[in-house]
Amino acid sequence: METDVHELLRSLRVWDPEVTELPPLAPATAPAEPLPLFTAWFAQAVAAGQPEPHTVSLATADEEGRPDVRIVMLHGADESGWFFATHAGSRKGRQLASRPYAALAFYWPVHGRQIRVRGPVTAAPPEQAQSDLHARSTGALAAALTGRQSEVLGSVEELAAASETAWERARREPDAEVPSWTLYRLQPEEVEFFQGDAGRRHVRLRYRRTEDGWIHELLWP
């Protein structure tokens, strides 16, 4: 019997109380800037056992304005912005070169929370990118050394051979440089915090950067 997508969808439940807790979000007590709230929510997601809370959807657009999205790893967040990394020649790298603006979306169902961030993107200095790469695992370095991200692959055997060579080098040269590896910083212009509510009275708190600093406002769910 073929699986029916619609039947599967009807069988699913959002925010099952057995595995999800929906904490309140009080806008009146929210911090003046978005980073402290992001840091607090991120720490709470980690403590609650949210799988891979550091994964985030990254949206970019090509030269014609057509959108693209994929999952990447968060490499850091501070007062200057949110960081992620990739090869400059990858699809997202090329898109950011032509349209240096992006959006991020975190989803942590353990607390029914989303965080959306968008703004202009700049590349960090090469030495910072290499330092970031070498602070990661041997596997991360091997993947970066394999290179050719987003290019057409002839076969899985070709990938296996290139990956094995890269792993050998990563073990032999843990400080090997990968010139194409680029650390990107998204400087937020808007950051939205979405807190789910069992009664569907979801709280959406949006921060907007202005010439005078951050302001925050509520949005209808």
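Described in the following lines is the structure provided in the data block. For clarity, every value in this text was computed on a predicted model and none was experimentally measured.

**Observations regarding the overall build of the chain**
Each helix and strand counted, the chain has six helices and 10 strands in total. Based on the C-alpha atoms only, the size of the chain along its principal axes is roughly 60 × 55 × 40 Å. Taking all 221 residues of the chain together, the buried fraction comes to 36%. Considering only contacts in the chain between residues 6 or more positions apart, those separated by 24 or more positions represent 65%. A total accessible area of about 13400 Å² is found for the chain, and carbon and sulfur atoms account for 53% of it. Separation between the mean location of the 23 positive side-chain charges and that of the 31 negative ones in the chain comes to 4 Å.

**Section: unusual backbone geometry**
With a phi close to 60°, Arg 148 is a non-glycine residue in the positive phi region. As for its position among the elements, Arg 148 is in the loop between α5 (138–146) and α6 (156–172). For Arg 148, a relative accessible area of 53% translates into the label exposed. With phi around 65°, Arg 200 is a residue other than glycine that occupies positive phi space. Within the element layout of this structure, Arg 200 appears in the loop between β8 (190–195) and β9 (203–210). On the basis of relative accessibility, which here comes to 51%, the residue Arg 200 falls in the exposed class.

**Brief notes about α5**
Inspection of α5 places Ala 140, Leu 141, Ala 142, Ala 144, Leu 145 and Thr 146 among the buried residues, and these make up the whole buried set. Contacts from the buried residues of α5 go to β4 (81–87), α4 (126–134), α6 and β7 (181–186). Among the residues trailing α5, Gly 147 stands out with phi positive, at a value near 65°.

**Observations regarding the nonpolar core**
Counting residues in each nonpolar core, the largest one holds 28 residues, and the members touching the most others are Trp 82, Phe 84, Leu 104, Phe 106 and Ile 115. Sorting the residues of this core by element identifies α2 (34–47), β1 (55–61), β4, β5 (101–108), β6 (113–123), β7, β8 and β9 as the ones contributing at least two each. At five residues, the largest contribution of residues to this core is made by α2. Listed in part, the 15 residues of the second largest apolar core include Ala 144, Ala 166, Trp 181 and Leu 183.

The rules behind each value
- Residues numbered from 1 in each chain as written.
- Predicted model: local features only at pLDDT ≥ 70, side-chain atom pairs only at ≥ 80, totals over all residues.
- Heavy atoms only, no water.
- Helix = DSSP H or I, 4+ residues; strand = E, 2+ residues; numbered from the N terminus.
- Buried < 20%, exposed > 50% of the residue type's maximum accessible area, 1.4 Å probe, protein only.
- Contact = heavy atoms within 4.5 Å.
- Areas by Shrake-Rupley, 256 points an atom, 1.4 Å probe, with all protein chains shown as cover.
- Lys, Arg positive; Asp, Glu negative; His and termini not counted.
- Charge placed at Lys NZ, Arg CZ, Asp CG, Glu CD.
- Core = buried A, V, L, I, M, F, W, Y, C linked by side-chain atoms within 4.5 Å.

Function cannot be inferred from these measures alone, as they are strictly geometric.
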